[in-house]
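Structural overview for review
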Amino acid sequence: MLQFKLVLLGDSSVGKSSIVNRFVKDTFDEFRESTIGAAFLSQSIKIKDPKTNQDVIIKFEIWDTAGQERYKSLAPMYYRNANAALVVYDITIADSLLKAKSWVNELKEKVGNSTDDNDNDNDNNNNNNNLVIHLVGNKLDLVEDDPEMRSVATEDAVKYSTDENLLFKEVSAKTDFNIKEVFQTIGEKLYEIRQKELDNNNNKQNKGEINISLPRPSTNDSTSCCS
Amino acid sequence: MVNISNSDEHKTFNNNTTNKSGTIRFIPGFNSISKATPTVSIALNNSRGTTDLSITAPSDIINNNSISSTSSHRLLPESTKSYSSLRDIEISFDESLSSRVPNKTSNGNINEVAPIEFTTSNSISQNEHNSYQEILTDLLSESFYSYTPSVCGMGRCGPSVVSNELPNIFNKSETLLSVNKQRLTRFNKNFFIISDAGKPIFTMHRDDKKIIPLAGIINTIVNYFQVNQQAEIKTIHFRNTGQKFVFLNKEHIIIMIHSNLGESFKILQDQCYFLYSYLISTLTSKSLERLFRNRSNFDLGTFLAQSDIENLNSICHLLSNNFYPDIFLNALQSNPIEKRIRNKIHKEILQELHENRDIIPRGTLLYGFLLIGEDTKMAAVIRPQGHTLYTHDIQLLFCLVRRHLHLNTMDRELWIPICFPKFNSSGFLYSYIKTLSLKNKSVMVLLSAQKDAFFKLKLFGDRLLTRLGKDSHIAKIIISDNPCTGFSIKDIPAPLIHHFIFKSTKNAQYIMPIMEYNIKYQDVIENTVSCNDESENNQKYLGNQQKDDIHFMEDGIDLLNYQIKLQRYYMELHNSVTSEDGSKLQSRSVINFIQWDGITSKNISSYGDIDNLQSVNNRRIHIMGMVWCTPHFELYLISNNGVSDKGAISSSAKNILRWCQKHEQRLFIQNGAIF
C-alpha cells in the first residue's frame with residue numbers, strides 16, 4: 001500500500017471540511033461548524049496500474065486546515081511534507097479564488113525549497129516538481145440552482161490552471177459531484193510520479209550507483225492495530 | 001471560594017486604564033443610529049459637579065418593568081464607592097462591593113416561595129478533621145437551627161409523598177422553551193463583548209441592529225466612570241427585578257454580562273473573565289495587543305473566525321443554559337475509577353512514555369488527559385514532575401474538547417493551537433485531540449509546546465491506546481460502549497438526597513452523581529392517572545405527555561431544563577455561603593440549609609415540562625438544600641421533593657461525606673502519571 005500526504009488549503013468556509021467529509025465518510029452536513037486548528041484524517045482508495053491493470057491501494061493522509069488567516073503561520077507545518085495539495089475556492093465568491101491563487105504561489109515558492117525538513121540526500125528538488133496541486137471550485141450546487149450566484153467563470157479558472165500547470169475541477173460536496181474523481185485523479189497522478197521515481201532509481205542502480213530510497217516518514221504506526 | 005481572577009492583576013490593570021483620555025467616546029455611526037431608532041438615547045451632561053445619567057431605553061433593551069421605574073437617575077460624582085439610589089438601582093464600581101447587604105429573597109418572580117432562611121456558623125476548627133460528625137451534630141443542636149420556618153418552610157400542610165422529581169421553583173420563563181427569539185430582553189442572560197472604542201465584537205443572542213446602540217451604551221457607561229470617577233464600573237443591580245449587569249474592562253476589551261438568573265456578582269465576574277480568557281486563548285495577549293496598538297478602532301469582530309464565534313457561543317450556552325459547576329467551584333470534574341485500575345492506567349502510561357523516549361524526547365509532551373463523558377470528566381492525567389496547570393486554563397481546554405465531542409467526529413484527529421492565559425498569555429501550546437469512543441465520549445488530549453509535534457504525539461497516542469487496550473478492565477472504561485459512566489445517587493447510603501456535588505479542595509476536583517432526571521417518570525404518570533381525580537384536561541394532557549416521552553429523550557430538552565433547574569438550586573446554595581463579592585461569609589467552615597417551599601401553579605404552561613406532572617400529582621414543593629464548606633471539602637446537596645427534615649438531610653450529608661472520604665482514591669485523581 002502506498003501512502004501519500006495531502007493538504008487542503010483555501011479561504012475559510014469555502015467547504016474544505018465538507019469536501020473531506022464527503023470523501024472520507026460520504027456525508028454532508030449543511031450546517032457544518034468550522035474547523036479549529038487543523039484536523040488529520042485518512043482514507044484509502046483503489047486505482048488501477050495503467051501498465052499491469054492491477055488494483056493498487058493508495059492511502060491518503062489528509063490535513064484539513066482551518067482557512068483562517070490567523071492560523072497561516074501554522075500552514076507550513078501541514079504542507080511541508082505534502083505530496084499533494086487541494087486548493088479550494090468557492091465559485092460564488094470571487095475573493096476566494098484570489099486567496100486560492102496566493103496559496104498556489106506560496107506552495108510553489110516554499111514546498112521543496114526548504115532544506116531543513118528533508119533527508120540529507122540531494123533529491124530535494126524532486127519534491128518541488130512532484131507536488132501535485134489540484135485546484136477545486138466548490139459549491140457547484142448553488143450555481144445550478146441559481147446561475148446568478150456564480151462569481152468565478154469556469155473559463156477563468158481553467159485558464160489559470162493551465163497556465164500554472166494545475167489540475168482543476170468544479171465540484172459540489174453537497175451533491176457529491178466530482179469529489180471522488182478529484183481524489184482519484186490525484187491518486188493516479190501521484191502513483192504515476194512514484195513509478196517514475198522508482199524507474200529512475202532503478203536506472204541509477206543499473207549504472208552502478210547506490211541510492212537507498214527511503215520512503216517518506218510514515219505517520220502510521222506499524223504496531224498499531226488499526227493500520 | 002477560590003478567586004479565579006487574580007486580584008493583583010486587576011490592580012495593575014486599573015492603574016493602566018484609569019488615566020484614559022478625558023472625553024467620552026462615541027463610535028462613529030452610533031449617534032446616527034440612535035437617531036434612527038429613537039427609542040434609544042443616552043445623555044451625559046456634566047456641569048458643575050452634578051451629573052445626570054439618564055437612560056431612556058426601549059423595552060427591547062432592558063426589561064420594561066425594570067427600567068421604567070428608574071428612567072432618570074441622579075448621580076453625585078463626589079460621593080463615595082457605591083450609589084444606593086432613589087429607587088432600587090444600585091451601581092457599584094471600583095471593587096467596592098462590600099457595602100451591599102445580600103438580599104436573599106430578591107428574586108421578583110418566584111412563585112410563592114417562602115422566605116429563605118439563612119443561618120451560618122463558624123465554629124468548626126481545623127484540627128477536628130476526623131470528627132465532622134460530632135461537630136455537625138453539635139451545630140445542628142444549636143438554636144440557630146431550631147427556628148421553625150427555616151426547617152419547615154411556611155406552609156406545613158405538606159405533601160404526603162416524597163418524590164425525586166426535581167420541580168422548578170424559580171421563574172418559569174428561564175426554561176429554554178419559552179424563549180422568544182425575537183427580542184433581546186426575553187433572554188434571561190446575555191453576553192456582550194465590545195472593544196473599548198465601542199465596536200461590537202460578540203453577543204450571545206445576536207441581533208445586529210440592536211447590538212450597535214447597545215455597544216455604544218455599554219461603552220459610554222464604562223467610560224463615564226473612568227472619566228468622572230476615575231474608577232471602573234463593576235456592576236449595576238436592579239433590585240426590584242434582580243437584574244444584574246456586570247462589567248469587565250480589560251485593555252481594549254469590555255465584557256458585559258446581563259443576567260436575571262440570580263448568580264452573585266463574583267460568579268458573573270468570573271464568567272466575564274472566562275470569556276476574556278477565551279479571547280486570549282485563541283489570540284494570545286500579544287497579538288491582541290498588536291492588533292489594537294496601531295488602530296484603537298480595530299474591528300476584532302470581523303477578525304475573529306467563525307470557529308471563534310461558535311466557540312464563544314458554546315461557552316455562553318454552557319454558562320447560561322447548562323449545568324456547569326466547574327467555574328463557581330473552580331475545579332474539574334473527575335471520573336470515578338476503581339483505584340487499582342486508575343493506578344494501572346497511570347502505570348501503563350508511564351511505561352509507554354519510558355519506552356518511547358526516542359519518539360517523544362523529553363520536553364515534547366507537556367501534559368495529557370484522558371477524558372470521559374460529554375462533561376469531560378477526567379479519568380487520567382499525565383503531567384511532569386513539579387508542574388501543574390491552572391484549573392482555569394484547563395477549563396478553557398475542556399470547553400474546546402466539549403465542542404469537539406459535540407461535532408461527533410471520530411475519524412478526525414485535531415491539532416489545535418491554544419494559549420493558556422494563566423500559564424503563558426503570550427504564546428501558544430498545541431493540543432492533540434483524539435476521540436476514542438463516540439459511545440462514552442472518551443477523548444485523549446496531549447499537549448505540547450512544539451507546533452510540529454503532531455506526528456510524535458499521534459504515534460505515542462496510538463501506541464498508548466494499543467497498550468491500554470490490552471488490559472480488558474482498562475479498555476472497558478476508556479472505550480466502553482456504555483454511555484453512562486460514573487456513579488448513581490443510589491450507590492450511596494444517602495436517603496432523601498436527590499443530587500449532590502462534592503469538591504475535594506486539595507485536588508481541585510469535584511464529583512457528582514450522574515443525572516437521573518427522568519427517574520420514576522412512568523410511575524408518576526401511573527399514580528396520577530389512577531388515583532387522582534383531576535379534570536379531563538389533565539388526563540388528556542398526561543396522555544400526550546406519555547406519547548411525547550420518547551421524543552423528549554431524544555432531543556434532550558428535558559435534560560437541558562433539568563440542568564437549568566439544578567444550576568439554579570446550586571447557585572442559591574453557593575450564594576448562601578458566599579457574599580456577593582465571592583468571599584466566604586465565614587472564613588473557615590460553614591454549614592447552611594436552605595428550604596425551598598412553593599406551589600407549582602397550574603397555569604404555567606411550559607411545554608413538556610415535567611413540573612406539570614408535578615403540579616397534578618403533588619403540587620406543593622418542599623425541597624431542602626444543604627451546603628457544607630470546610631478547608632478540605634465542599635459539599636452541596638439537594639433533597640428530594642417533599643423533604644423538610646434537617647436531621648434526615650444532615651445524616652445523609654454525613655453519609656455522603658463518609659462515602660467520599662472512604663473512596664477518595666477512587667473518586668479523585670491524586671497525582672496522575674507523573675514523569
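Residues numbered from 1 in each chain as written. Chains lettered and ligands numbered in written order. Predicted model: local features only at pLDDT ≥ 70, side-chain atom pairs only at ≥ 80, totals over all residues. Heavy atoms only, no water.

**Some remarks on the overall build of chain B**
Helix and strand counts for chain B come out as 22 helices and 22 strands. Each of the 675 residues in chain B was classed as buried or not, and the buried ones make up 59%. Looking at chain B alone, contacts between residues at least 24 apart form 72% of all its contacts between residues at least 6 apart. (Helix = DSSP H or I, 4+ residues; strand = E, 2+ residues; numbered from the N terminus. Buried < 20%, exposed > 50% of the residue type's maximum accessible area, 1.4 Å probe, protein only. Contact = heavy atoms within 4.5 Å.)

**Some words on the overall build of chain A**
Counting its regular elements, chain A contains seven helices and six strands. Reading chain A from its N end, one meets helices and strands in the order β-α-β-β-α-β-α-α-β-α-α-β-α. Residues counted as buried form 49% of the 227 residues belonging to chain A. In chain A, once contacts between residues fewer than 6 apart in sequence are set aside, the share between residues at least 24 apart is 73%. Carbon and sulfur atoms form 48% of the exposed surface of chain A, whose accessible area is close to 11,300 Å². (Areas by Shrake-Rupley, 256 points an atom, 1.4 Å probe, with all protein chains shown as cover.)

**Some thoughts on the packing of helix 7 (residues 265–283) of chain B against helix 8 (residues 285–294) of chain B**
Residue and element names in this part refer to chain B. Their axes nearest at 7 Å, the elements helix 7 and helix 8 cross at an angle of 90°. By the angle between their axes, helix 7 is roughly perpendicular relative to helix 8. Seen from helix 7, the contacting residues are Tyr276, Ile280 and Leu283; seen from helix 8, they are Ser285, Ser287 and Leu288. Residues belonging to the contact of helix 7 with helix 8 are distributed by class as follows: four nonpolar, two polar and no charged. (Axes fitted to C-alpha atoms, helices over the stretch in contact; angles between N-to-C directions. Parallel < 35°, antiparallel > 145°, perpendicular 65-115°, else oblique. Nonpolar A, V, L, I, M, F, W, Y, C, P; charged D, E, K, R; others polar.)

**What to know about the pattern of salt bridges**
Residue and element names in this part refer to chain B. This structure, assessed with the given rule, holds 27 salt bridges over all chains. Note that Arg467 is salt-bridged to Glu355, the shortest N-O span being 2.8 Å. One end of the pair, Arg467, is in helix 15 (residues 454–470); the other, Glu355, is in helix 12 (residues 339–355), with 112 residues separating them in the sequence. Classification of Arg467 by relative accessible area gives buried; the value is 18%. (Salt bridge = Lys/Arg side-chain N within 4 Å of Asp/Glu carboxyl O.)

**Some remarks on the pairing of strand 6 (residues 189–195) of chain B**
Residues and elements named next belong to chain B. Buried residues dominate strand 6, accounting for seven of its seven residues. As paired elements, strand 6 and strand 10 (residues 253–259) share seven bridges and run antiparallel to each other. In the strand pairing of strand 10, Phe191 is matched with Ile257. In the sheet, strand 6 pairs with strand 7 (residues 200–203) via three bridges, with the strands oriented antiparallel. Opposite Ile194, over in strand 7, you have Pro200 as the bridge partner. (Pairing = 2+ DSSP bridges.)

**Describing the pairing of strand 9 (residues 243–250) of chain B**
Residue and element names in this part refer to chain B. With eight of eight residues buried, strand 9 is to be regarded as a mostly interior element. Side chains of strand 9 alternate between two faces, with Gln243, Phe245, Phe247 and Asn249 and Lys244, Val246, Leu248 and Lys250 buried alike. Bridging between strand 8 (residues 233–238) and strand 9 involves four bridges; their strand directions are antiparallel. If you follow His237 over to strand 9, its bridge partner there is Lys244. If you look at the hairpin formed by strand 8 and strand 9, you'll find four residues sitting between the two strands, and Gly242 has a positive phi there, around 80°. Hairpin connection of strand 9 to strand 10: two residues between the antiparallel strands, including His252 at a positive phi of 75°.

**Some remarks on the packing of helix 7 of chain B against helix 13 (residues 391–406) of chain B**
Residues and elements named next belong to chain B. In contact at an axis separation of 10 Å, helix 7 and helix 13 are set at 70° when each is read in the N-to-C sense. Between helix 7 and helix 13, the angle falls in the class roughly perpendicular. Contact residues: Tyr273, Phe274, Ser277, Tyr278 and Ser281 in helix 7; His392, Gln395, Leu396 and Cys399 in helix 13. Of the residues belonging to the contact of helix 7 with helix 13, the class tally is five nonpolar, four polar and no charged.

**Considerations on the interface of chain A and chain B**
Contact residues are listed per partner, giving 30 residues for chain A and 32 residues for chain B. Summed over both partners, the interface of chain A with chain B comes to about 2,600 Å²; 54% of that surface belongs to carbon and sulfur atoms. Together, Glu33, Ile36 and Arg70 of chain A form the three largest contributors to the area buried by chain A at its contact with chain B, with a combined 26%. Where chain A packs against chain B, one counts one salt bridge. Where chain A packs against chain B, one counts six residue pairs in polar contact (both at pLDDT 80 or more). Of all the secondary-structure elements, those providing two or more residues to the side of chain A that touches chain B are helix 1 (16–25), strand 2 (38–48), strand 3 (55–65) and helix 2 (75–79) of chain A. (Buried area = accessible area lost by both parts, 1.4 Å probe. Polar contact = N/O pair within 3.5 Å; in protein donor to acceptor, adjacent residues only side chain to side chain.)

**Remarks on the nonpolar core**
The biggest cluster of nonpolar side chains holds 120 residues, and the ones touching the most others in it are Phe60 and Leu86 of chain A together with Phe369 and Trp415 of chain B. Apart from residues lying up to four places away in sequence, Leu86 of chain A is in contact with Leu6, Val7, Leu8, Leu9, Ile19, His134, Val136, Val182, Phe183 and Ile186 of chain A. Of all hydrophobic cores here, the second largest spans 49 residues; its members include Ile497, Leu573, Ile591 and Leu657 of chain B. (Core = buried A, V, L, I, M, F, W, Y, C linked by side-chain atoms within 4.5 Å.)

**What to know about a negative patch on the surface**
Residues and elements named next belong to chain A. Residues Glu144, Asp145, Asp146 and Glu148 make up a contiguous surface patch of negative charge. Looking at where Asp145 falls in the secondary structure, it is placed in helix 5 (residues 140–145). For Asp145, a relative accessible area of 66% gives the class exposed. (Patch = residues over 30% accessible without salt bridge, like charges linked within 9 Å, V, L, I, M, F, W, Y side chains within 5 Å. Lys, Arg positive; Asp, Glu negative; His and termini not counted. Charge placed at Lys NZ, Arg CZ, Asp CG, Glu CD.)

**Some points on the sheet that holds strand 1 (residues 2–10) of chain A**
Overall, mixed pairing links the twelve strands, which are arranged 6(A)-5(A)-4(A)-1(A)-3(A)-2(A)-14(B)-15(B)-16(B)-12(B)-13(B)-22(B) in an open sheet. Pairing within the sheet leaves two strands with one partner each, and these edge strands are strand 6 (167–170) of chain A together with strand 22 (673–674) of chain B. Pairing analysis gives two bridges linking strand 13 (residues 377–383) of chain B to strand 22 of chain B, with the strands arranged parallel. From the neighbouring strand, Ile382 of chain B faces strand 22 of chain B, where its bridge partner is Ala673 of chain B. Sheet strands in contact with helix 15 of chain B are strand 1, strand 2 and strand 3 of chain A together with strand 12 (367–372), strand 14 (413–418), strand 15 (429–437) and strand 16 (442–448) of chain B, and its direction is about 140° off that of strand 16 of chain B.

**Observations regarding the confidence of the model for chain B**
Residue and element names in this part refer to chain B. The pLDDT averaged across chain B works out to 68; a share of 61% of its residues lies at or above 70. Strand 18 (residues 509–511) holds the highest mean pLDDT among the elements of chain B, 93, whereas helix 3 (residues 64–68) holds the lowest, 29. Here residues 95–130 scores under 50 on pLDDT; set against residues more than four positions off or in separate chains, the count is 90 contacts. Below pLDDT 50 for its whole length, residues 137–161 participates in 54 contacts with residues either more than four positions away or in separate chains. For this predicted complex, the interface confidence comes out at an ipTM of 0.81, alongside a pTM of 0.74. (pLDDT = per-residue confidence, 0-100.)

**Some thoughts on the packing of aromatic side chains**
Scanning all chains against the criterion turns up 28 aromatic pairs over all chains. Geometrically, the ring pair formed by Trp63 of chain A and Tyr78 of chain A is tilted, given 4.6 Å between the ring centres and 50° between the ring planes. Of the two residues, Trp63 of chain A sits in strand 3 while Tyr78 of chain A sits in helix 2, which places them 15 residues apart along the sequence. Tyr78 of chain A carries the same exposure label as Trp63 of chain A, and that label is buried. Here the aromatic rings of Phe454 of chain B and Phe455 of chain B are separated by 5.0 Å at their centres, their planes lie at 85°, and the arrangement is edge-to-face. By relative accessible area, which is 0% here, Phe454 of chain B ends up buried. The class of Phe455 of chain B is partly exposed, set by a relative accessible area of 22%. Through a chain of ring-to-ring contacts, the aromatic side chains of Phe40, Trp63 and Tyr78 of chain A together with Trp415, Tyr430, Tyr432, Phe454 and Phe455 of chain B assemble into a single cluster. One Lys or Arg, Lys101 of chain A, reaches over the ring of Tyr160 of chain A and ends 4.9 Å from the middle of that ring. A cation over a ring is seen here: Lys244 of chain B above Phe265 of chain B, with NZ or CZ 4.6 Å from the ring centre. (Phe/Tyr/Trp six-rings, centres within 6.5 Å; stacked < 30°, edge-to-face > 60°. Lys NZ or Arg CZ within 6 Å of the ring centre and 35° of its normal.)

**Observations regarding unusual backbone geometry**
Of note, the phi angle at Lys139 of chain A is positive, near 75°, even though the residue is not glycine. Here the phi dihedral of Ala508 of chain B falls at roughly 50°; this positive angle occurs in a residue that is not glycine. Along the chain, Ala508 of chain B turns up in the loop between strand 17 (497–504) and strand 18.

**Re the confidence of the model for chain A**
Caution applies to low-pLDDT parts of the model: their predicted coordinates are not meant to be read in detail. Residue and element names in this part refer to chain A. For chain A, the average pLDDT comes to 81, and 82% of its residues sit at 70 or higher. Here helix 4 (residues 124–130) stands out as the element of chain A with the lowest mean pLDDT, 52, in contrast to strand 4 (residues 84–90), whose mean of 93 is the highest. Confidence over residues 113–128 falls short of pLDDT 50; this stretch has 18 contacts with residues more than four positions distant or in other chains. Here residues 220–227 is a poorly scored stretch, pLDDT under 50, and it has eleven contacts once near neighbours within four places are set aside; other chains count.

**Observations regarding helix 7 of chain B**
All names here are of chain B. Relative to the 27 Å expected for 19 residues at 1.5 Å per residue, helix 7 spans 27 Å between its end C-alpha atoms, a close match to the ideal helical length. Within helix 7, 19 of the 19 residues are buried, which leaves it mostly tucked inside the rest of the structure. Note on helix 7: the residue one or two positions beyond its end, Thr284, has a positive phi of about 70°. (Expected span 1.5 Å × (residues − 1).)

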